[in-house]
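# Observations on the model geometry
Each chain, written out:
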Amino acid sequence: MNPGPRAAKPPHFDVDRLIDDRRIHIVVTCGSGGVGKTTTAAAIALRAAERGRKAVVLTIDPARRLAQSMGLSELDNTPRAVKGVDGEAGGSLDAMMLDMKRTFDEVVEDHTTPDRARQILANPFYQALSSSFAGTQEYMAMEKLGQLRARPDWDLIVVDTPPARSALDFLDAPERLGSFLDGRLIRLLGGTARAGGRTYLKLLHAGFNVVTSTLTKILGGELLKDVSTFVNALDTMFGGFRERAEQTYALLKRPETAFIVVAAPEHDALREASYFVDRLSRDAMPLAGLVLNRVHASGAAGIGEEQAVAAAERLEASGGEHTLTAALLRLHADRLKVAARDERIGERFSAAHPEVPVTRIPALAGDVHDLDGLRQIGSLFDAG
Amino acid sequence: MGDWEGVRLHVVTGKGGTGKTTVAGALAMALAAGGRRVLVAEVEERQGLAQLFDVPPLGYEEQRVASAPGGGEVYALAIDAREAMHEYLAMFYRLGRAGRALDKLGFVDFATTIAPGLRDVLLTGKAYEATRRRTGDRYAYDAVVLDAPPTGRVVRFLDVTTSVSSLARVGPINRQANSITDLIHSPRTAVHVVTLLEDMPVQETADAVAALQAAQIPVGAVVVNQARPPHLAARSLPAARRGRLDHHAVLAGLRAAGLPATDDVVDLLTREAADHAERTALEKTQRALVDDLGRPVYELPRIAGGIDPTALYELADTLAEQGAV
């Protein structure tokens, strides 16, 4: 196969150098669903801890057995020490799983009187909002990150990002939710119900009128009442949501933050990764590199794919004597085919983003569900 | 006759990365064979179907994307909440242009954010409409395949009544949600779950099947995707796994085939075999868990070179051979 003009090899992404850099305090792993983002985040945090960092990993939705291996047997919004971490280098590892609703509740409770908080927490609109997936989870992941950063307990926070529709949701959702909660429409809805007469008239624009009447028709007046009660309770509570979202956004832009994009050698995953890389660069956010996960490598046997298939066919045709070798050659050809495809897809990404350092994690035969597995992934960062 | 006689709406879900869009496309092709018309719709604005069928990005109009053997046709559609909302406003409130004007005020974003279930009602509502649409005295589509959100969100997505009833207790949205609910809980719907033979996807599949059953939504098949061809005979697997294949036999085989016969080559092939055997053992365990779910299981091979429209025909055939249609 002729790959055409040889693509320049992308710079190697040195994960160890990143986690050893004491100026780095936040590592964010992003990528589309199913690429091994959570496992990568956990592996980085464990490796950092065993290389002397006081690390905490904020995971979103780890596989049950992975969660168990980190001592997270149930949904838990509090960081807890992970047992079995080698602390010889002076590091430690805590882990927590984001509970979106609980985090939102805490934000409310921390910023208002108990009475008001109860009122908000009981509001049906708040309940729908705080448990819906459309943006709230991303917002709360950011919120939690802000909280963890404000505490002195850790010098490295590794954040896994929610399994969003697109990788960009993680960056956009908090702002979207913030604008929504601070938006004119919602303020108006709060105002209409509260003021009835004069304020209503003052705020009344023809457009808004159509909006409110359409909303009433579609969703019913009851929901609008819930919204306005919620907005009024919120109004007196604390500085705008948008402002908070912007603060966290600013935190992500600081040089203490490093983004790691995780992808599998699949077109979809790398396309998402591409969008994300472009976006980070546009927003001047610090991208550390790409972890290309589950790459099938081809061993250097000196036997090409076609050669292996042809040989296997010959052996099969010549009777049953060499079935084992024939099977091994078929297996080898299959691996070469997959490896070549992985290579091609990876190269295409690097051709479009030659500046992005890449580390490759070979596909493992088994699943990762304990600290040893995470450690193994961690040691592969180096080899890629 | 296939396993899903009488099913008009096929919902396809699966953990992220299991290839549910590919399976949705292949199922649509399989269902279209023999001169039928099938619509496949996506709801997550990913344009996964356009990539799969190798056509330009899909819009809100149904578009013919492939022909199936025997004169069948596959149409595709990317359902967009905003467009669905406009259509809905036009239909129920005769708000044509005014509906678009509302957009300038951020109305659609607002309405779908304020009531997260509303978005899902609009998205599933479009699929529901397509299943019922008639041209003349026959259905516009013989079947509709919905490329749905991943397993973690699918029950919430489909169980629209629950998600809107607490918000919109009366009114047209509520009525619409009730009609969708009737279809989704009826034998005219089947929710198929796509999995890989790996720990996490299988676990999520089991969770999804349980959640669907609890919500009384009919579970269809479990589709095992990217299954590996069994290269080694079952009897060789234990030895292969321990790296104890007959070194000399392999060496002799290489010689007989006229290939470089060195210890290094044999070692590499042996290591690859060990990997393969470990993988096979893992898959066997996971396969048993899948079988325990008590659903029809279809198995699709891993296409080493990647999925293109030609591969879709192959996958569709495989589904048909196993009884899916």
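The model shown is predicted, which means the values in this text are computed figures rather than measured ones.

Glancing now at the overall build of chain A. Counting its secondary structure elements, chain A contains 17 helices and eight strands. Among the 384 residues that make up chain A, the fraction classed as buried is 55%. Here chain A displays about 16,300 Å² of accessible surface, and carbon together with sulfur accounts for 50% of that area.

So, about the confidence of the model for chain B. Looking at chain B as a whole, its pLDDT mean stands at 89, while 91% of the residues score no less than 70. With a pTM of 0.85, the predicted complex shows an ipTM of 0.79.

Here we take up the packing of aromatic side chains. A ring pair, where both rings are aromatic, is described by two values, the distance of the centres and the angle of the planes. In this structure the tally under the stated criterion is three aromatic pairs over all chains. A ring pair is formed by phenylalanine 259 of chain A and phenylalanine 276 of chain A, whose centres lie 6.3 Å apart and whose planes are at 65°; its orientation type is edge-to-face. Taken together, the residues phenylalanine 259 of chain A in strand S6 (residues 257–263) and phenylalanine 276 of chain A in helix H14 (residues 267–282) connect sequence positions 17 residues apart. When its relative accessible area of 0% is taken as the criterion, phenylalanine 259 of chain A is described as buried. Seen in terms of ring centroids, tyrosine 75 of chain B and tyrosine 141 of chain B are 5.9 Å apart; in terms of plane orientation they differ by 65°. Their pairing is edge-to-face. A residue pair is termed long-range when its members are at least 10 positions apart, and tyrosine 75 of chain B in strand S4 (residues 72–78) and tyrosine 141 of chain B in the loop between strand S6 (138–139) and strand S7 (143–147) qualify at 66 residues. Given the relative accessible area of 14%, tyrosine 75 of chain B is considered buried.

Residue and element names in this part refer to chain A. Inspection of every chain in the model, using the stated rule, returns 40 salt bridges over all chains. Its salt-bridge partner being arginine 51, residue aspartate 16 comes within 3.3 Å of it at the nearest N-O pair. On the criterion of sequence distance, the pair formed by aspartate 16 in helix H1 (residues 15–20) and arginine 51 in the loop between helix H2 (37–50) and strand S2 (54–59) is long-range, its members being 35 residues apart. Using a relative accessible area of 7% as the deciding quantity, one classes aspartate 16 as buried. Two residues, glutamate 106 and lysine 144, come together in a salt bridge whose shortest N-O distance is 3.4 Å. Of the two residues, glutamate 106 sits in helix H4 (residues 100–110) while lysine 144 sits in helix H7 (residues 136–150), which places them 38 residues apart along the sequence.

Another point: the domain arrangement of chain B. When the parts come together, some accessible area is lost, and that loss is often what is quoted as the size of the interface. Residue and element names in this part refer to chain B. By the assigned domains, chain B splits into domain 1 (9–228 + 302–322) and domain 2 (230–289). For domain 1 and domain 2, the distance between their C-alpha centres works out to 42 Å. Taken together, the contact pairs five residues of domain 1 with seven residues of domain 2. Both faces considered, domain 1 and domain 2 share a buried interface measuring about 700 Å² in area, 57% of it formed by carbon and sulfur atoms. Considering only the side of domain 1, the residues that lose the most area to domain 2 are Leu197, Val202 and Arg228, jointly responsible for 77% of the buried surface there. Inspection of the domain 1/domain 2 interface yields two salt bridges. Each residue belonging to the side of domain 1 that touches domain 2 can be placed in one class, and the counts come to two nonpolar, no polar and three charged.

What follows covers the side chain of glutamate 272 of chain B. Its location among the elements puts glutamate 272 of chain B in helix H13 (residues 263–292). Overall, glutamate 272 of chain B belongs to the buried group, its relative accessible area being 4%. The residues touching glutamate 272 of chain B, leaving out its near neighbours within four places in the chain, are Gly299, Leu331, His332 and Arg335 of chain A.

At the interface, 63 residues of chain B touch 61 residues of chain A. Summing the contributions of chain B and of chain A, the shared interface buries around 5,700 Å²; its carbon and sulfur component is 66%. Where chain B meets chain A, there are three salt bridges. The interface formed by chain B and chain A contains six residue pairs in polar contact (both at pLDDT 80 or more). Where the side of chain B that touches chain A is concerned, the elements lending two or more residues are helix H3 (81–93), helix H5 (107–114), helix H6 (116–132), helix H7 (151–158), helix H9 (172–184), helix H10 (199–214), helix H12 (247–256) and H13 of chain B. The biggest single contributor to the side of chain B that touches chain A is H13 of chain B, with 10 residues. Residues that form the side of chain B that touches chain A fall into these classes: 36 nonpolar, 11 polar and 16 charged.

Once that is clear, we can look at the nonpolar core. Grouped together as the largest cluster of nonpolar side chains are 150 residues, with contacts concentrated most on Phe259 and Leu290 of chain A. The element best represented in this core is H2 of chain A, accounting for eight residues. For leucine 290 of chain A, the contacting residues outside a window of four places in its chain are Phe13, Val261, Ala263, Leu270, Ala273, Phe349, Val356, Pro357, Val358 and Thr359 of chain A. Ala24, Ala50, Ala190 and Leu312 of chain B belong to the second-largest nonpolar core, a separate cluster that totals 38 residues.

On to the pairing of S4 of chain B. Residues and elements named next belong to chain B. For S4, the buried fraction is high: six of the seven residues fall into the buried class. Examined bridge by bridge, strand S2 (residues 37–42) and S4 share six bridges and lie parallel to one another. Looking across to S4, one finds that glutamate 42 is bridged to alanine 78. When strand S3 (residues 63–68) meets S4, the two strands line up antiparallel, connected through five bridges. Each bridged residue has a counterpart across the sheet, and for serine 67 the counterpart in S4 is glutamate 73.

It is worth spelling out the sheet that holds strand S1 (residues 26–30) of chain A at this point. Strand pairs in the sheet, formed through backbone hydrogen bonds, run parallel or antiparallel to each other. Residues and elements named next belong to chain A. The strand order S3-S4-S2-S5-S1-S6-S7-S8 describes an open sheet built from eight strands, whose pairing is mixed. Only two strands of the sheet have a single partner each, and these edge strands are strand S3 (80–81) and strand S8 (358–362). Alignment of S1 against strand S5 (residues 156–160), held across four bridges, turns out to be parallel. Each residue of the ladder has a partner; that of valine 28, found in S5, is valine 159. Strands in contact with H7 are S1, S2, strand S4 (92–97) and S5; relative to S2, the strand with the most contacts, it is inclined by about 165°.

Parameters at a glance
Residues numbered from 1 in each chain as written. Chains lettered and ligands numbered in written order. Predicted model: local features only at pLDDT ≥ 70, side-chain atom pairs only at ≥ 80, totals over all residues. Heavy atoms only, no water. Helix = DSSP H or I, 4+ residues; strand = E, 2+ residues; numbered from the N terminus. Buried < 20%, exposed > 50% of the residue type's maximum accessible area, 1.4 Å probe, protein only. Areas by Shrake-Rupley, 256 points an atom, 1.4 Å probe, with all protein chains shown as cover. pLDDT = per-residue confidence, 0-100. Phe/Tyr/Trp six-rings, centres within 6.5 Å; stacked < 30°, edge-to-face > 60°. Salt bridge = Lys/Arg side-chain N within 4 Å of Asp/Glu carboxyl O. Domains from an automatic or database assignment. Contact = heavy atoms within 4.5 Å. Buried area = accessible area lost by both parts, 1.4 Å probe. Nonpolar A, V, L, I, M, F, W, Y, C, P; charged D, E, K, R; others polar. Polar contact = N/O pair within 3.5 Å; in protein donor to acceptor, adjacent residues only side chain to side chain. Core = buried A, V, L, I, M, F, W, Y, C linked by side-chain atoms within 4.5 Å. Pairing = 2+ DSSP bridges. Axes fitted to C-alpha atoms, helices over the stretch in contact; angles between N-to-C directions.

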